[in-house]
Structures are given as structure tokens and as C-alpha cells.
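In case you want the letters, here they are:
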Amino acid sequence: MGASSVRVDGLGGAEALDGLEAGELEARFTALVASHGERARRLAWRLVGGDAAAAEDVAQEAFLRAYRSLPRFRGEAALSTWFYRIVVRQAASHRRWRGLRERMGGWGDPESPDPAAPAAGDPALRRRIAVALERLTRRQREVFVLIHLEGFTVRETAAALGRPEGTVKSHLHRALVRLRAELSDLGDREGPRPGGREGGRS
Amino acid sequence: MSDPRNPGAPSRRDDDALWIARVDDAFRPEPLDESGRARFAARLRERMETRRPTPLARLAPAAMVLAPAATALALAAAVGWALRAPAPQVRAAAPEAPAPQARAAAPADAQLTAWEWEVLLGDTLDAGRDEDLPEDYAAIAAAFRIP
């Protein structure tokens, strides 16, 4: 999978990270965790279906992999885009292993979303949304979550997923149609939370 | 209604935007507070300090499933080799045809499906890190008829 041609952002401008001193690498990694930790955890939570423990594991594993790969980061992609690509892949990997464990039954500990884990909103509605997302294809789910829930642009999403923008738009459209059909009653409920989607951006 | 922050996105109708806002509100974890962020960072630090990966460790999960399959394959190969080997002179009169039930052992013992192989090895292959795969992957994959 080739790197996308974007720039490093947020951590020092467009540059490759080759040849960084260990201390500076550490500082940049700390900055990456500080600035993207919460969003990475939330993105992972949404991609793994609302499982808080799995989301933390996915986010931490993504940071760990990013740290290992940071010295080889070539500065051809936005660092954040590169990092979220790792998060998305890690979440997909988690879902595959979870599916395999469930298929093989009793091999390892099957994981399922923890309903007691702290989360916003109505637990029943949360569960319905998780199930509806589960029924999408992997790419549809990733695209919907990244763009509509996490506020990524189509371009950023295309870079993060390594897919053409047109493909991303197509997945997004299909995901929205399917989810709206499945969760049509959400449009009938009384007023959204004050502030709307702004809390979803970071 | 188009999103000025996301000009490349398909235009959304107002009701789509409202519906999405409700999904967004309903499907999110509680944000971490200060102590939660500190715990997250501490656990990450601990994970980084305790996990010094080696190439072998990276393959460990796959090895958990590969090992039994490889063992079965090795046994089948050994049986096949033994049956194909030139008969010793003292057995020159013995029939050459191997026992059919022994030759069928490998596919029957193989528990992994192509899908499971993809699950286990997909990331490695997707990432183009073919060099991380066991050297005998191609042989094993061929035995399981993985394209």
C-alpha cells in the first residue's frame, strides 16, 4: 500500500522524519498522543462497534505501531492521515480476529461490546446503531464513520483508506442510504442535542 | 446542503444532516477526563516498554494456527515421501501403489479455510511485507489451494 502524497501537519510542517534525534522523536510522538489520543480512541470505538476496551486496545496498538514506524515516516502524507490509516487498519484487524475467534468458538475470549462501558446517549439506540453499522461492508462503515461522524474530508478519507475519492463517495452514498433505511426513525425523534455535530469534530 | 468544511463531499439534504447529527450524538463514547487521559497515556507507556517486538513475535498469532496445520502437512508429506520412496530390495515384490487413505490425510486434516488464511495473513500481505511471512508460506498455501 503506497503512501499518499500529502504533507505532514500539526507536528512541525511538511518534512520527513528521517534522522530525527531520539529525544525529538519521543517529543513528537508525545505530541501525537496528546493531540490525537482522544480522537483515535473515539474512532476506534465507533469502528469496533462501541466496545470501550477493544477501542482502547486498538488505539494503543495503533500508537505503538506508529511509534515503531515513525522513524521511517517519509513525509509524503499528513502525519495525522498516516496515523488514522493505522487506526483504521488496526480496527479492521481487531474485527477480523474477533470474527475468527467467534467462528472457532472458545478459542480465546470472544469479545463483545460492553454495555456498561461509559458512553453517551441511549444504550438501546447505541446498540441499534452498532448493529446497523455492523451490517455495512467494511469500507462503507469506515467511510461513513470517518466522514460523517469524525469529520474527515473526502480527500483525507481517501488518503487514509488508500482509495480514490470517487470510490469513497460511492461507499459514503451507499452507507448513508442503507443506514437511513435501517434507522429511519431517528429522523422522527424530537430535536437533536444542542450543539449538534460540533462535538464530533476535533 | 453542502458542507463548506468538506467541499468534496456529496451534498447533503437538511434532513440527512439532522439524521447524521443524531447518529453522531447517540453513537460516541464519553470523552476521557483528565485522569482518564493520564491512565490512557500510562497504559500506552507501559505497553511500549513491555512490548519490544521481534519478527518472531509479530508472527506469533499466525503461528498459533499455522503450527498445527504445518505439523499436519509435515506428517502428510512424510507419509507421502515414505510411500513414494523406492522400495527396499527386500520388498521388491511389494505393490507400488500407496494406501489411498494415507494420501488423503493432508486435506482432511487441514482445518483452515481460505478465508481464515486471509484473516491471518491479510494484513501482512496487504502491507506488502511478504518478507515477514514464513519461508514455506508458498508451499503451505499451495497445499491448501490458496491463490
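Residues numbered from 1 in each chain as written. Chains lettered and ligands numbered in written order. Predicted model: local features only at pLDDT ≥ 70, side-chain atom pairs only at ≥ 80, totals over all residues. Heavy atoms only, no water.

Focus: the confidence of the model for chain B
All names here are of chain B. Summing up the model confidence of chain B, the mean pLDDT is 67 and the portion of residues at 70 or higher is 39%. Confidence, expressed as mean pLDDT per element, reaches its minimum in chain B at helix H6 (residues 105-109) with 42 and its maximum at helix H1 (residues 14-26) with 89. Counting interchain partners and residues more than four positions distant, the pLDDT-below-50 stretch residues 102-110 has 8 contacts. (pLDDT = per-residue confidence, 0-100. Helix = DSSP H or I, 4+ residues; strand = E, 2+ residues; numbered from the N terminus. Contact = heavy atoms within 4.5 Å.)

Quick look at the packing of helix H3 (residues 79-104) of chain A against helix H6 (residues 154-161) of chain A
Residue and element names in this part refer to chain A. Two elements in contact, H3 and H6, have axes separated by 8 Å at closest approach and are oriented at 60°. In terms of orientation, H3 lies oblique with respect to H6. Regarding H3 and H6, the two cross each other, and that crossing is right-handed. Contacts between H3 and H6 involve Thr-81, Arg-85 and Val-88 on the former and, on the latter, Glu-156, Ala-159, Ala-160 and Leu-161. Class assignment of the residues belonging to the contact of H3 with H6 gives a composition of 4 nonpolar, 1 polar and 2 charged. (Axes fitted to C-alpha atoms, helices over the stretch in contact; angles between N-to-C directions. Parallel < 35°, antiparallel > 145°, perpendicular 65-115°, else oblique. Left-handed = near helix turned anticlockwise from the far one by under 90°. Nonpolar A, V, L, I, M, F, W, Y, C, P; charged D, E, K, R; others polar.)

So, empty space enclosed by the protein
Residues and elements named next belong to chain A. On inspection of all chains with the given rule, the structure shows 1 cavity of 30 Å³ or more. One number sums up the size of the largest cavity: a volume of about 30 Å³. The wall of the largest cavity is formed by Leu-47, Val-88, Ala-91, Ala-92, Arg-95, Arg-138, Arg-141 and Glu-142. Only H3 and helix H5 (138-149) provide two or more residues apiece to the lining of the largest cavity. Counting residues per element, the lining of the largest cavity draws most heavily on H3, at 4 residues. Residues of the lining of the largest cavity, tallied by class, amount to 4 nonpolar, no polar and 4 charged. (1 Å grid on protein atoms, 1.4 Å probe; cavity = no way out; pocket = protein on both sides within 12 Å on 5 of 7 lines; lining within 4 Å. Points joined across faces, edges and corners; volume = space filled by probe spheres on them.)

Side note on the pattern of salt bridges
Pairing between side chains of opposite charge can happen when the charged atoms of each approach one another. Summed over all chains, the structure comprises 19 salt bridges over all chains. With its nearest N and O atoms 3.2 Å apart, the salt bridge here joins Arg41(A) to Glu38(A). One end of the pair is Arg41(A) and the other is Glu38(A), both in helix H1 (residues 22-47) and 3 residues apart, which spans about a single turn. For Arg41(A), a relative accessible area of 8% corresponds to the buried category. Judged by relative accessible area, which is 22%, Glu38(A) ranks as partly exposed. Put simply, Glu56(A) and Arg43(B) hold a salt bridge, and the shortest N to O gap is 2.3 Å. (Salt bridge = Lys/Arg side-chain N within 4 Å of Asp/Glu carboxyl O. Buried < 20%, exposed > 50% of the residue type's maximum accessible area, 1.4 Å probe, protein only.)

Looking at the packing of aromatic side chains
The tally for this structure, following the rule as stated, stands at 8 aromatic pairs over all chains. Here the aromatic rings of Phe63(A) and Phe40(B) are separated by 6.2 Å at their centres, their planes lie at 75°, and the arrangement is edge-to-face. Pair noted here: Phe63(A) is in helix H2 (residues 52-69) and Phe40(B) is in helix H2 (residues 34-50), and the two residues belong to different chains. Each member of the pair, Phe63(A) as well as Phe40(B), carries the same accessibility label: buried. Ring plane angle 65° and centroid distance 6.2 Å describe the contact between Phe144(A) and Trp19(B), whose orientation is recorded as edge-to-face. Taken as a pair, Phe144(A) in helix H5 and Trp19(B) in helix H1 lie in two separate chains rather than in one. This pair shows no difference in class: Phe144(A) is buried, exactly as Trp19(B) is. Three or more aromatic residues joined by ring pairs make a cluster, and in this case those are Phe29(A), Phe63(A), Tyr67(A), Phe83(A), Tyr84(A), Phe152(A) and Phe40(B). One residue, Arg39(A), lies across the ring of Tyr84(A), its end atom 5.5 Å from the ring centre. (Phe/Tyr/Trp six-rings, centres within 6.5 Å; stacked < 30°, edge-to-face > 60°. Lys NZ or Arg CZ within 6 Å of the ring centre and 35° of its normal.)

As for the confidence of the model for chain A
All names here are of chain A. Of the residues in chain A, 73% reach a pLDDT of 70 or more, and the chain-wide mean stands at 78. Taken together, the stretch residues 1-16 has pLDDT below 50 and engages in 43 contacts with residues farther than four places along the chain or on a different chain. Of the regions scoring below 50 in pLDDT, residues 107-111 engages in 14 contacts with residues more than four places distant in sequence or in other chains.

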